[in-house]
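# Commentary on secondary and tertiary structure
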Amino acid sequence: MSHIPQAVTWCLAAGLLVALALLVRQWWVARNRSRTLVGLRAAIRARDEEARRLATVQLPALAQAAVAHPAAGDPLLAGSEYERNLEAVIEQFRSAVARAEARADQNAKAALKGAMRALQGLANEQQVAISEMQERHDQPAVLHDLLEIDHANSQFGRRAQAIAVLCGSWPGRQRSASSLSDVVRGAKSRVRDYKRVEVRTQIDLAVVSRAVEPVVLAVAELLDNAARHSQPNTTVEVNLQPAHNGACIVIDDAGVGMDPREAQLAGQLLTGQRSVDVTRLGDPPQFGFAVIGVLAARYGFSVSVDTRSPYGGVRAVLFLPTALLTQLAPEPAAAPRAAAPLPRRGAAPAASPASPAPTATPEPSAPTAPYPPAAGYPPPAAPRTAGGLPKRRRREPLGAEQLAEAALATDPFATTTPATAGPADGTAETPAEWTRDAEATARRLGAFARGTRAGREAEPDTPPTGYGRHAARPDRTGPDRTALSHPALNHPAPGYPPPGRPAPDGPVSDGSSPDVPFAG
Amino acid sequence: MSGRRDRGLVRPYVVTNGRSEPTRNTFDLVTLVTAASGRPNTGLTPEQRRMVELCAHGSLSLAEVAAHLRLPVSVVKVLLGDLVDSGHLLTRAAVPRAQLPESQLLQEVLDGLRARL
């Protein structure tokens, strides 16, 4: 019977072994599981960390400055699917940010441009109004106030213009070609401390019309910078220098200068290479260099601010290439051209027969009808009398002396080129009504003088009146001043009515004036 | 300095350097301006130089000078005051309006003539 307990013992031992093996396996499995768990926990922590970094560091940095950090910092995730997805997220975010920024920039620029255009228009309107007021008011006190308003308005206009240019607008205001010194002084007109700006040199060069306004605006920004960054008691010196293939406007200030970082940033902005973001101009916005950069890139001049001025501040040099420069025509030559629309004597006969009013209609009022202003001198087709007969008129050509005088009074340039004022070619720039007016006046007063002379012979005690003291030049304002010494005095008077004003005293006949009682 | 100066480019306060009071108070629209010969033009602003050039060939009234310069008359007065002070320009008051004989005198002359003829 001893076999039975033995068998039981064996069974038990085998069971124990199996249990033991199971236990060991269980332990093994558990240990593996826990290891995996630890690894997985680490991986989850790494991903959490990465996601946190994405949310708190990378995306804000992207949103701020559009600069991407490296995607995964943890080597655990290198090359993983998770990392690739993260990178895709970052990429999409970056492009979304860029799109949004571009749209915002565009919208901001469009809105600013529209607003600044409106302001610019107002400033220009106001400037016209101020100019008219300056013409109208003569008192120094009023003028003083007007000058101040004008100054403020110019600065206001410049600010609006600068922002508009930065937003892609054109500088506006078409100007004619202007000399370099006028351009610089135009820029001087637009800065606050214009009295501190001294233009030292003058050269005989001009800026072509399309570049005048942009150059004025750029120089104004440079002057404003120079004046703002220097002491109020220092001057800002402007020199104009012709260069090999252009000209330079050199602006020196005695201010604080720029440190290398500022100078580098300024250099980048001034070349116009760095695109300008109107939403990142800073507070207060600094757009001076950015505006200059935009203008320089668009119009082809260049500006540098990287040298020191001899006074310790910044020397800004604006270089204008030859393409933007021109020569102004010398003034004496320019004046006759400018006066070309005035009627010439030679042109008058061709023009006046075409004008039917005074010649063709045989109305009684015809002789007194004023001539059309285009007919400088009496046309050969003479007015007719009421009966339809041609009216005779006597007329002496103007003497050289008279023409010269007339030319001097109306156009001082003409006398600098005496050839144009000669009587032979008859091209003196003389407004015709003026000459005739003086002649008519002289005729009447000459008649009057002859009358008084005759009267004085009867009464020798009558003192001479105040005629003829000064008559170097006939004057359109005072007919009585031109009286006795006018060269037309001794000529028989041509018998046509003064134009432009209806003769109050009826038609003037040849030689004798019915309104002057002492003719003859 | 161009003959066709662009209006509005150089503002009047730059032309006068901010001043509005002429140094003398004797100018009016018909004051006659003549250039004094023999003064160098150095040191003058473009507008002043142009005024001297304009008046170098005879007398011009202040109003005419202003029209040629395309500047307000009051601004030209300021410039003129400086130029008169520096001796570049001479001014002369306009010739006063001549005293016309009274109508009674004219009537007497007329009567005398009629009596004679």
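Quick caveat, the model's predicted, so the values are computed rather than measured. (Residues numbered from 1 in each chain as written. Chains lettered and ligands numbered in written order. Predicted model: local features only at pLDDT ≥ 70, side-chain atom pairs only at ≥ 80, totals over all residues.)

## Remarks on the sheet that holds strand 8 (residues 325-326) of chain A
All names here are of chain A. An order of 1-3-8 is seen for the three strands of this open sheet, with the pairing classed as antiparallel. Lying at the two open borders of the sheet, with one neighbouring strand each, are strand 1 (178-179) and strand 8. When strand 3 (residues 206-207) meets strand 8, the two strands line up antiparallel, connected through two bridges. Counterpart to alanine 206 in the pairing with strand 8 is threonine 326. (Pairing = 2+ DSSP bridges. Helix = DSSP H or I, 4+ residues; strand = E, 2+ residues; numbered from the N terminus.)

## Description of helix 6 (residues 260-270) of chain A
Residue and element names in this part refer to chain A. For helix 6, the complete set of buried residues consists of Ala266, Leu269 and Leu270. The buried residues of helix 6 occupy an angular sector of 95 degrees when the element is viewed end-on, so they sit on one face. Opposite the packed face of helix 6, turned more than 90 degrees from it, sit the exposed residues Pro260, Arg261 and Gln264. Lining the buried residues of helix 6 we find helix 7 (288-299) and strand 6 (302-308). Looking at the residues trailing helix 6, positive phi occurs at glycine 272, about 75 degrees. (Buried ≥ 20, exposed ≤ 12 C-beta atoms within 10 Å, placed from the backbone. Arc of directions from axis to C-beta. Contact = placed C-beta atoms within 7 Å.)

## Regarding the packing of helix 3 (residues 140-166) of chain A against helix 7 of chain A
Residue and element names in this part refer to chain A. Running from N to C, helix 3 and helix 7 point in directions that differ by 60 degrees, and their axes come no closer than 9 Å. Here helix 3 is positioned oblique relative to helix 7, judged by the angle of their axes. Helix-helix and strand crossings are classified by hand; for helix 3 and helix 7 the assignment is left-handed. Contact with helix 3, carried on its side by Ala162, Val165 and Leu166, involves Ala290, Val291, Val294 and Leu295 of helix 7 and no other residues of that element. The residue inventory of the contact of helix 3 with helix 7, partitioned by class, reads seven nonpolar, no polar and no charged. (Axes fitted to C-alpha atoms, helices over the stretch in contact; angles between N-to-C directions. Parallel < 35°, antiparallel > 145°, perpendicular 65-115°, else oblique. Left-handed = near helix turned anticlockwise from the far one by under 90°. Nonpolar A, V, L, I, M, F, W, Y, C, P; charged D, E, K, R; others polar.)

## Points about the confidence of the model for chain B
Residues and elements named next belong to chain B. In the predicted model, chain B carries a mean pLDDT of 86, and 94% of its residues have values of at least 70. Looking over chain B, one finds the lowest element-wise mean pLDDT in strand 3 (residues 89-92), namely 89, and the highest in helix 1 (residues 12-15), namely 93. Scored by ipTM, the complex comes to 0.80, with pTM at 0.60. (pLDDT = per-residue confidence, 0-100.)

## Quick word on the pairing of strand 7 (residues 314-321) of chain A
Residue and element names in this part refer to chain A. Relative to strand 7, strand 5 (residues 246-252) is paired through seven bridges, and the arrangement is antiparallel. Across the sheet, residue isoleucine 251 finds its bridge partner in strand 7, namely alanine 316. Pairing of strand 6 with strand 7 involves five bridges; the strand directions are antiparallel. Looking at strand 7, one finds that arginine 308 is bridged to valine 314. The antiparallel pairing of strand 6 with strand 7 creates a hairpin that spans five residues between the two strands, and glycine 312 there sits at a positive phi of about 100 degrees.

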